[in-house]
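Structural overview
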Amino acid sequence: MFSTLQDKLHRDRSDRVLTLPQPTAPALAVTSFFEYLVVVSLGKKRGQGTYEPQITYQFPKLANMERSQREEEEKSLKAILLFCFPEGVNWAPLTEYPSETFSFVLTEVDGSRRNGYCRRLLPHGKGARAPEVYCIISRVACFGLFSKIFDEVEKRRQISMAMIYPFMQSLREAPFPAPGNTVQIKSFIPESGTEIISLTRPLDSWLEHVDFRTLFRCLTDEEVLKVFASTVLERRIIFMAEELSTLSQVLHAVAALLYPFTWQHTFISIVPSVLIDVVMAPTPYLLGVQRNKLDDVIDQSDVCVCVCVLCLIGDESTILPEKLQEELLQALCCRRDNSTSEELNKVVSEAFLSFFVKTVGHFSSHVKRSSGRQPGVFQKKSFCKASEHKASQHFVKRFIQTQMFDIFIQEVERRPTQEGFFHKKIAEYQESKKKEKAK
């Protein structure tokens, strides 16, 4: 299925990036902001009129890594080059180019993921020149935080490439803050002196990589619900836009709507041109494709293609229970046009979290546990029958067949004590239902 795709990227049999991921591995403990920074520039091919991306700067150097780690990272770097310039080799020197920030995900064979954050800009200078990309590889999923880091990197790049090193070294040595906490980085800039840069980690860890503004700027509330319905059933979904930043922000926002569940299938926020064959995969995926590739994907009749006007399969309005659809739309109407990113994230995330609380929040009552240390056993049939409404039963029967629910319930079976924000919201909802019955 992926042989053509993998041959293009992995001539040396490295299959680390775009193989179909296994269920997402448990997150590794993060102790530092990033693993490394690379600068990717466009170099003209000798004797040809086309360009190819090449790494012109890296911190820390691969030479400072252990041999096995260095070999693995060399394989990753080949993929990073493609993601930094996914449009391909057809570039021409430019005199103006608005900088943009975007991201991608590197999926390891074991299902663990690393994030690639990119800032593409026109380097300081005169005359026509090719843009370059600053790319940070990190285990941390926090788009807003790295966007601010890139602002500091870009400011130093305008002075000198040498000014980037001390800042990134200070950042690398700084401890990664806990949710809601702030770390301060000291950095010296000529003529400005020592600056103190404050970097704050969002309080809600599952929203660290998310800004819902772009999603709701591109789609109406009703369209977002249709996309959510398709995503919940793990369909093949392609998002299309001109800007790389729009693609990456929209895809991460859609994935965040699934909390507390996690998308378990292929996730490529920006598909490089040479890997466009991935749209033919028969398995579920979330893909971001630039609009000039529309002809390559529009003939996939059973794919949800999301552009300015949605091209969906047609049954999306019937997937979610009608009453809960109305409640979702009412909740989304509570957001204000001038709300901050944090305020918008709160309104949107709580609306969709409430949907899962009401449809599947009774799961813990249907996990049969023995007196020993054996994992519990989920009782599917009784769980479905216990849904509050018949419409919810129909949705639940379909949802429990997804891989995201299966992975979630396996974790529940293993752990008798459940904690976290989702479980807190379930307890609050169940308490409110008790009070209603008492009245």
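- The name given to the chain in an unreviewed UniProt entry is DENN/MADD domain containing 2Db, and the organism recorded there is Hucho hucho.

**Observations regarding the overall build of the chain**
- Within the chain one finds 14 helices and 14 strands.
- Considering only intrachain contacts with a sequence separation of at least 6, the fraction spanning at least 24 residues in the chain is 64%.
- Carbon and sulfur atoms make up 49% of the accessible area of the chain, which totals about 21,500 Å².

**Overview of helix α13 (residues 403–414)**
- Compared with the 16 Å implied by 1.5 Å per residue over 12 residues, the 17 Å span of α13 between its first and last C-alpha is a close match.
- Considered for burial, the residues of α13 that qualify are Met404, Phe405, Phe408, Ile409, Val412 and Glu413.

**Here we look at the pattern of salt bridges**
- This structure, assessed with the given rule, holds 22 salt bridges.
- Between Glu343 and Arg336 there is a salt bridge; the shortest N-O distance is 3.3 Å.
- On the basis of relative accessible area, Arg336 is assigned to the partly exposed category, the value being 46%.

**Structural notes on the packing of helix α10 (residues 341–360) against helix α12 (residues 390–399)**
- In the contact formed by α10 and α12, the axes pass within 10 Å of each other and the chain directions differ by 95°. With respect to their mutual orientation, α10 and α12 come out roughly perpendicular. In contact with Phe355, Phe356, Thr359 and Val360 of α10, α12 contributes Phe395, Val396 and Phe399.
- Class assignment of the residues belonging to the contact of α10 with α12 gives a composition of six nonpolar, one polar and no charged.

**Some details on the sheet that holds strand β2 (residues 51–59)**
- Spatial ordering of the open sheet is given by β2-β1-β5-β4-β3, a layout of five strands whose pairing is antiparallel. With one partner strand each, in any of the chains shown, β2 and β3 (100–107) form the two edges of the open sheet. Strand-to-strand twist in this sheet, taken as the mean axis angle between neighbours without regard to direction, amounts to 25°.
- Sheet topology places strand β1 (residues 36–44) next to β2; eight bridges connect them, and they run antiparallel.

**Some points on the packing of aromatic side chains**
- Going through the model one piece at a time under the given rule, you end up with 25 aromatic pairs.
- A ring pair is formed by Tyr117 and Phe146, whose centres lie 4.2 Å apart and whose planes are at 10°; its orientation type is stacked. Of this pair, Tyr117 sits in strand β4 (residues 113–121) while Phe146 sits in helix α3 (residues 143–157), placing them 29 residues apart in sequence. Judged on exposure class, the residue Tyr117 and its partner Phe146 are both buried.

**A look at the nonpolar core**
- Core analysis: the biggest nonpolar cluster contains 95 residues, and Ile80, Phe212, Leu215 and Phe352 have the highest contact counts within it.
- For this core, the leading source of residues is α10, giving nine residues.
- Once residues within four sequence positions are removed from consideration, Ile80 is found in contact with Tyr36, Val38, Phe104, Leu106, Cys135 and Ile137.
- One finds Val39, Tyr117, Leu121 and Ile136 within the second-largest nonpolar core, a separate group that totals 28 residues.

**Structural notes on the pairing of strand β5 (residues 132–138)**
- Among the seven residues of β5, seven are classified as buried, and the element is accordingly described as predominantly covered.
- Along β5, one buried face is formed by Glu132, Tyr134, Ile136 and Ser138 and the opposite face, lined by Val133, Cys135 and Ile137, is buried too.
- Across six bridges, the pairing between β1 and β5 is antiparallel. Looking across to β5, one finds that Tyr36 is bridged to Ile137.
- Bridge count between β4 and β5: seven bridges; the pairing is antiparallel.

**Considering the environment of Thr246**
- Among the structural elements, Thr246 can be located in helix α7 (residues 244–256).
- The class for Thr246 is buried, based on a relative accessible area of 9%.
- When sequence neighbours within four positions are dropped, the list of residues in contact with Thr246 reads Thr214, Arg217, Cys218 and Ala241.

**Focus: the state of the cysteines**
- Counting across every chain of the model gives zero disulfides.
- Lacking any disulfide linkage, Cys118 is separated from the closest cysteine sulfur, that of Cys135, by 3.8 Å.
- For Cys118, a relative accessible area of 0% translates into the label buried.

**Notes on unusual backbone geometry**
- In this structure, the amide linkage connecting Phe59 to the following residue, Pro60, adopts the cis form with an omega of -10°.
- The omega angle of the peptide bond from Tyr259 to Pro260 is 15°, so this bond is cis rather than trans.
- Of note, Pro260 is situated in the loop between α7 and β9 (266–268).

**Notes on α7**
- Taking 1.5 Å of rise per residue, 13 residues should cover 18 Å, and α7 covers 19 Å from first to last C-alpha, within 8% of that figure.
- With 11 of its 13 residues buried, α7 lies for the most part within the structure.
- For α7, the set of buried residues is Leu244, Ser245, Thr246, Leu247, Ser248, Val250, Leu251, His252, Ala253, Val254 and Ala256.

Reading guide: rules and limits
- Residues numbered from 1 in each chain as written.
- Predicted model: local features only at pLDDT ≥ 70, side-chain atom pairs only at ≥ 80, totals over all residues.
- Heavy atoms only, no water.
- Helix = DSSP H or I, 4+ residues; strand = E, 2+ residues; numbered from the N terminus.
- Contact = heavy atoms within 4.5 Å.
- Areas by Shrake-Rupley, 256 points an atom, 1.4 Å probe, with all protein chains shown as cover.
- Expected span 1.5 Å × (residues − 1).
- Buried < 20%, exposed > 50% of the residue type's maximum accessible area, 1.4 Å probe, protein only.
- Salt bridge = Lys/Arg side-chain N within 4 Å of Asp/Glu carboxyl O.
- Axes fitted to C-alpha atoms, helices over the stretch in contact; angles between N-to-C directions.
- Parallel < 35°, antiparallel > 145°, perpendicular 65-115°, else oblique.
- Nonpolar A, V, L, I, M, F, W, Y, C, P; charged D, E, K, R; others polar.
- Pairing = 2+ DSSP bridges.
- Phe/Tyr/Trp six-rings, centres within 6.5 Å; stacked < 30°, edge-to-face > 60°.
- Core = buried A, V, L, I, M, F, W, Y, C linked by side-chain atoms within 4.5 Å.
- Disulfide = S-S within 2.5 Å.

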